[in-house]
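# Overview (structure and organization)
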Amino acid sequence: MDILTIILIAIGLSMDSFAVSLGIGTSQRCNSLRSSLRLIWHLSLFQGGLTFIGWAAGSTVQRYIANFDHWIILGLLLFVGGRMIREGLDPNHESHNDTDPTKGATLILLSVATSLDATAVGLSMAMMNLNILLSVFVIWLMTVVFSSTGLFAGNSLGKRFGKRMEVLGGLILIGIGAPLALRIVFALLVTQLLQIVG
């Protein structure tokens, strides 16, 4: 039963990495084996690593990041997604330019954005008494599988449909953030209503 629970959690955590990999693949800026491995490695490392950190730190880490993690995730996804859309719509923009999402700050930002929820998962794993080393390995492995699949599918779509897929890739990244934005707005509205009523 524990292994099934761990696998289901790992699949759930890997979905954001799948979507990000799909979006980056469609932009046609991650065509080499080296850049593909770099993206997959970072997404997987952050998923597994932040799960372990959440487990190790317990409620301490979650308490400190819970107040602002959603803003960080939303901002990063909107920034990277918006840039991909802008570049996809610009007729003078070269697809293979120097804004490689598998390098530097963009890679770290995407890795963090897709993995922050893993700290809360790590905390819950501690509460469920799940084997953390097995959990981290399965989460890492599932993220490798789903990121690779997303990147391969995105590259195939990007080659077939060109720059239009870069716009779709940006929309996918923004789409990841849309439900988060709705939750933030809803929470703010409820808070305001409670202050008015109270």
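The following refers to the structure shown. All values derive from a computational prediction rather than experimental measurement. (Residues numbered from 1 in each chain as written. Predicted model: local features only at pLDDT ≥ 70, side-chain atom pairs only at ≥ 80, totals over all residues. Heavy atoms only, no water.)

Attention now moves to the packing of helix α2 (residues 33-57) against helix α6 (residues 117-127). Packing of α2 against α6 leaves a shortest axis separation of 6 Å and a crossing angle of 50°. For the element pair α2 / α6, the angle class is oblique. Regarding α2 and α6, the two cross each other, and that crossing is right-handed. Contacts between α2 and α6 pair Q47, L50, T51, G54 and W55 from the former with A118, T119, G122, L123, M125 and A126 from the latter. Looking at the contact of α2 with α6 residue by residue, the class counts come to 6 nonpolar, 5 polar and no charged. (Axes fitted to C-alpha atoms, helices over the stretch in contact; angles between N-to-C directions. Helix = DSSP H or I, 4+ residues; strand = E, 2+ residues; numbered from the N terminus. Parallel < 35°, antiparallel > 145°, perpendicular 65-115°, else oblique. Left-handed = near helix turned anticlockwise from the far one by under 90°. Contact = heavy atoms within 4.5 Å. Nonpolar A, V, L, I, M, F, W, Y, C, P; charged D, E, K, R; others polar.)

The next point concerns a nonpolar patch on the surface. Taken together, the side chains of I3, L4, L8, L134, F137, L141 and V145 define a hydrophobic patch exposed on the protein surface, amounting to about 610 Å² of accessible area. Taken together, the elements giving at least two residues each to the nonpolar patch come down to α1 (2-26) and α7 (132-161). For the nonpolar patch, the leading source of residues is α7, giving 4 residues. Its relative accessible area of 35% is what places L141 among the partly exposed residues. (Patch = residues over 30% accessible without salt bridge, like charges linked within 9 Å, V, L, I, M, F, W, Y side chains within 5 Å. Areas by Shrake-Rupley, 256 points an atom, 1.4 Å probe, with all protein chains shown as cover. Salt bridge = Lys/Arg side-chain N within 4 Å of Asp/Glu carboxyl O. Buried < 20%, exposed > 50% of the residue type's maximum accessible area, 1.4 Å probe, protein only.)

What follows deals with the environment of M15. Along the chain, M15 falls in helix α1. Measuring from C-alpha to C-alpha, the distance between M15 and I176 comes to 9.8 Å, with 161 residues separating the pair along the chain.

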